[in-house]
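Single-letter residue listing:
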2 protein chains.
Amino acid sequence: MDVRTVNVPLGSRSYVIKIGEGLLRELGRHCARLGLGSRCAIITDTNVGKRFAKPAFDSLVREGFDPALVIVPAGENAKSLKSVQACYNQLAAHRLERRSFMVALGGGVVGDLAGFVAATYLRGIPFVQVPTTLLAQVDSSVGGKVGVNLPAGKNLVGAFHQPRLVLCDLDTLKTLPEREFRSGLAEVVKYGVIYDGGLFKRLEHHGDRLLAREGGFLTAVIARCCEIKAAVVVEDETEGGLRQILNFGHTIGHAIEAISGYGKYLHGEAIAIGQTLAACLSTHVTGLPRADAIRIGNVLAGFGLPNRIRLGAPQKRRLLAAMRLDKKVSNGQIQFVLAERIGKVVWGQRVPEALLQRTLNSQLSNLD
Amino acid sequence: MDVRTVNVPLGSRSYVIKIGEGLLRELGRHCARLGLGSRCAIITDTNVGKRFAKPAFDSLVREGFDPALVIVPAGENAKSLKSVQACYNQLAAHRLERRSFMVALGGGVVGDLAGFVAATYLRGIPFVQVPTTLLAQVDSSVGGKVGVNLPAGKNLVGAFHQPRLVLCDLDTLKTLPEREFRSGLAEVVKYGVIYDGGLFKRLEHHGDRLLAREGGFLTAVIARCCEIKAAVVVEDETEGGLRQILNFGHTIGHAIEAISGYGKYLHGEAIAIGQTLAACLSTHVTGLPRADAIRIGNVLAGFGLPNRIRLGAPQKRRLLAAMRLDKKVSNGQIQFVLAERIGKVVWGQRVPEALLQRTLNSQLSNLD
C-alpha cells in the first residue's frame, strides 16, 4: 500500500507527515534525512514500549544513531510535571546536546509530554512524532501544541514546538484496543463538522469501513484529517484566531475530563459528549439546523461514543468552574466554538449562562 | 536625572528597556501602555519582596490592574522545577488568562524563573522584567533567555521568551549589597571584552566611579551594556551563532558554579574566574596579547572579584565533567568563546585537553 505525504509548510519550521504501513521500521532512515546529531532519546510508555520500542530502537541503531530509551507510565497521569522532570534527568544522563533529538513513540499523552520536554530541554531540541493511536495520528501529533496538565486543569502548561517529522504507521493501529480506536474517531468526526461536510458524509455512510480499520479507507481518512489540521495550523500557528476551531467540543470536553478525574473518560469520549452539547448550543446560538445537531450526535453514537452525561447539581457547578479555567477564557467569559452548519464553525462565541445550564440539564433528551 | 531608553527591535516581539530612577513606582503606568489584560502576577523573592513588592503592587492597582503576589525563596535554589510548579499553581488559583501578564521583580534568579513560568503557562503569556540587581539589569533581564536549573546542570531547562518591557530602576541598586553589586560588574567587564574596547577602557580608568554607584555614570554604563546585548540578540535571537559571544567566561564559570554547589560563588564571581581563565586560554589559541589577558584579570581584581580558583585533582575532574554538560557542547566537544583582542571575541573554539588541564593548574600565577 502507498505511503501518503502531507506537507505542513511553516517556513523554517516546515515538516512532512507520512501515513502508511511499515513506517516504524524505517524510522532511522527517515531521521537520517533530517541532518540531526547522532545522540537521541525515544520517549514511550510501558504499554506502547512493549510492542514498538525495540523496532524503533533497532531502526535508529541501524542508521548509526545512539538512542536512549525513556519509559513513562501509561495513561493520562504521565502528562505531569513529575514525568517531565524524570525525562529531563534521563536526557541529562544520556548527555543530549542541542543537535540531539527526541522521538515521541506513543499516543497523545506521550506526544504532548515528549514534545514539551523537547521544547524546553536546552531551550528546545528537535523532535519526531511517531503517533501510535488514531487520536494522536489525526490530531495531537500535528501542529506543535505540546504540554502537560496541572492539578488545576488540563494542558495548562505547554509550548508551541513543531516536530521535524511525523510518521503515522498504520500497523501500530492494528493492535489498538477497540475503545481507544473509537475514541480517536471522535476527533475524525470533529474535522468533518468544523471544516469538511464531505468528510462528514463519508463518515455517516461508511462508518463501518472505519470501524473495520480497512487499510486504504483509513489511510485516506487520516490523511484528510492531517491535511485539514495542517491547513488550519499554517493559517494560525499559535492560536490567535482560526486555530480555535480545532477546539470544537473541547471546552466542555476538557471540563468533563477534569471533573471526572483524568482517565475515567478517554479524551475522545469526553469530546464526543462535548461536541454533542456544542451542537445543541449551536442550534440556539449560531443557527445550526436541529436536524444537523441530531446527525452529529448520531454519527458519534454510531461509533459507540457517548453523547450525554448525567450530572448532579454539585457536579454541574464543578463542570462550570472547570470551564472557566479553560485557556480560551477571556475577561472571565467562557468562549465556545459553535457550528453554523456541518463543515463550518465560528469561534469566540459566548453563551448565556442560563442556556448553558439548560443544555447541561436537558442534554440531548429532546434531540434523539 | 533622565531616563534612558534602549530599543530591542525584534519585529512583533520588539520592546524597550528603560533605565533611570523612580521607574518602579511608575510600573503600572508603563504596563498600561502595553494593552494587556487586567489580571496579573508579580513574582518576587523574600528579600526583594520586603523592599519593593508594595510599591510595585500599589502602582499596578492604581492603574486598575488586579495583581497577585507570588513570593519564592531568595537564592539560586529557587531556580528549580519545584518553584516553577509552585508558581503555576498560584497563577491557576488567581485565574490568569492568556492576556494576563507577569512581572518579574528581582534579580537574575527571579527573572529567569518568572520568565520560564511566563513562557510555558497557557503556552506563553506576556511578562515584564523589573530587574533589581546590576547583573540582571545589564544581562539576564534582556534578550529572552529564561529557564531553571536541573540537578545535572545550570539552565538546562528553558525557553526563549522575550519580555514586553524592561524597567531598570537605579533606585533598586542603592540597597544592593556590595558583593552583589561587584558580581554584576563581572558582566559589565564582559561587554567590554567581547564588543567594546572603549567601554573596557572606561572601566579601567573610572572603576572607582562605578564602585561609588555614581548615578549618571552608572546609567550610561548600564545603557551601553543593554545596547550591546540588544544588538547581539537582534542579530541572533536564538543563539545560532553570534549570541554565543555573550557566553565569554561562562563555560568555565557555569561549571565552577555547578561543582561548588549553586550559591557558594555568586554568578558574577564564577564568571570572573571563567573570564580570567578564558583570557589565559585565548593567549594560546586566538592570539590575545599576554598584556591584554593581564589587563582583563586586573580590571576584574580591581572590582574585588576573584580571578583564580584552587582545585584538587578530583575537583578538576568534576569541573571538566561539568563543562561537558554545557549546552554549547557539540559532538561531545566543549566549545569556548575566546578573545582575539579586547573588544573582539570568536566563538565555537576548541581547546586541546592538555592546554585546558595546564591552564586549570597554572591559572594566572604566571600572569599576575
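This is a predicted model, so every value here is computed, not measured. (Residues numbered from 1 in each chain as written. Chains lettered and ligands numbered in written order. Predicted model: local features only at pLDDT ≥ 70, side-chain atom pairs only at ≥ 80, totals over all residues.)

### Notes on the sheet that holds strand 4 (residues 66-72) of chain A
Residues and elements named next belong to chain A. Strand order in the open sheet formed by 7 strands is 1-2-9-6-5-3-4, with mixed pairing between adjacent strands. At either end of the open sheet lies a strand with only one pairing partner, and these are strand 1 (4-8) and strand 4. For this sheet, the mean inter-axis angle between neighbouring strands, taken without regard to orientation, is 15°. Note that strand 1 and strand 2 (residues 15-20) share 5 bridges and pair antiparallel. What sits directly across from valine 6, in strand 2, is isoleucine 17. Along the sheet, helix 4 (residues 108-120) makes contact with strand 3 (39-45), strand 4, strand 5 (101-106) and strand 6 (127-131), crossing strand 5 at roughly 165°. Relative to the sheet, helix 8 (residues 215-235) contacts strand 1, strand 2 and strand 9 (165-169), its axis offset from that of strand 1 by approximately 10°. (Pairing = 2+ DSSP bridges. Helix = DSSP H or I, 4+ residues; strand = E, 2+ residues; numbered from the N terminus. Axes fitted to C-alpha atoms, helices over the stretch in contact; angles between N-to-C directions. Contact = placed C-beta atoms within 7 Å.)

### Re the interface of chain A and chain B
Contacts between chain A and chain B engage 27 residues on the former and 27 residues on the latter. Put simply, the parts of the chain that give the side of chain A that touches chain B at least two residues each are helix 3 (81-93), strand 7 (145-150) and strand 8 (153-160) of chain A. Among the elements that take part in the side of chain A that touches chain B, strand 8 of chain A stands out by supplying 6 residues, more than any other. Partitioning the side of chain A that touches chain B into residue classes produces 13 nonpolar, 8 polar and 6 charged. (Nonpolar A, V, L, I, M, F, W, Y, C, P; charged D, E, K, R; others polar.)

### Side note on unusual backbone geometry
Of note in the backbone geometry, arginine 95 of chain A takes a positive phi value of approximately 55° without being a glycine. Look at arginine 95 of chain A and you get partly exposed, because 15 C-beta atoms sit within 10 Å. In this structure, leucine 122 of chain B takes a positive phi of about 55° despite not being glycine. Tracing the sequence through the fold places leucine 122 of chain B in the loop between helix 4 (108-120) and strand 6 (127-131). (Buried ≥ 20, exposed ≤ 12 C-beta atoms within 10 Å, placed from the backbone.)

### Overview of the nonpolar core
Judged by nonpolar contacts, the single largest core of 250 residues is most densely connected at Ile43 and Met102 of chain A together with Ile43 and Met102 of chain B. Dropping the residues within four chain positions of it, isoleucine 43 of chain A is found in contact with Val70, Val72, Cys87, Met102, Ala104, Leu105, Val110, Leu113, Ala114 and Val117 of chain A. (Core = buried A, V, L, I, M, F, W, Y, C linked by C-beta atoms within 7 Å.)

### Things to note about the sheet that holds strand 1 (residues 4-8) of chain B
Residue and element names in this part refer to chain B. Here we have 7 strands laid out as an open sheet, ordered 1-2-9-6-5-3-4, and mixed in their pairing. What marks the edges here is a single partner per strand, and that holds for strand 1 and strand 4 (66-72). Pairwise comparison of adjacent strand axes, ignoring direction, gives a mean angle of 15° for this sheet. In the sheet, strand 5 (residues 101-106) pairs with strand 6 via 5 bridges, with the strands oriented parallel. When the bridges of strand 6 are listed, glycine 106 appears paired with proline 131. Along the sheet face, helix 2 (residues 46-62) touches strand 3 (39-45), strand 4, strand 5 and strand 6 and points at about 160° away from the line of strand 3.

### Quick look at the environment of isoleucine 19 of chain B
Relative to the helices and strands, isoleucine 19 of chain B resides in strand 2 (residues 15-20). Filtering out sequence-adjacent residues up to four positions away, isoleucine 19 of chain B remains in contact with Val3, Arg4, Cys168, Thr219, Ile222, Ala223 and Cys226 of chain B.

### So, the domain arrangement of chain A
How big an interface is tends to be reported as the loss of accessible area on association of its parts. All names here are of chain A. Taken as a whole, chain A is organised into domain 1 (4-173) and domain 2 (178-362). A straight line from the C-alpha centre of domain 1 to that of domain 2 covers 26 Å. Counting residues per element, the ones that place at least two in the side of domain 1 that touches domain 2 are strand 1, strand 2, helix 5 (134-140) and strand 8. When residues of the side of domain 1 that touches domain 2 are assigned to their parent elements, the largest contribution, 5 residues, is made by helix 5. Residues that form the side of domain 1 that touches domain 2 fall into these classes: 15 nonpolar, 9 polar and 4 charged. (Domains from an automatic or database assignment.)

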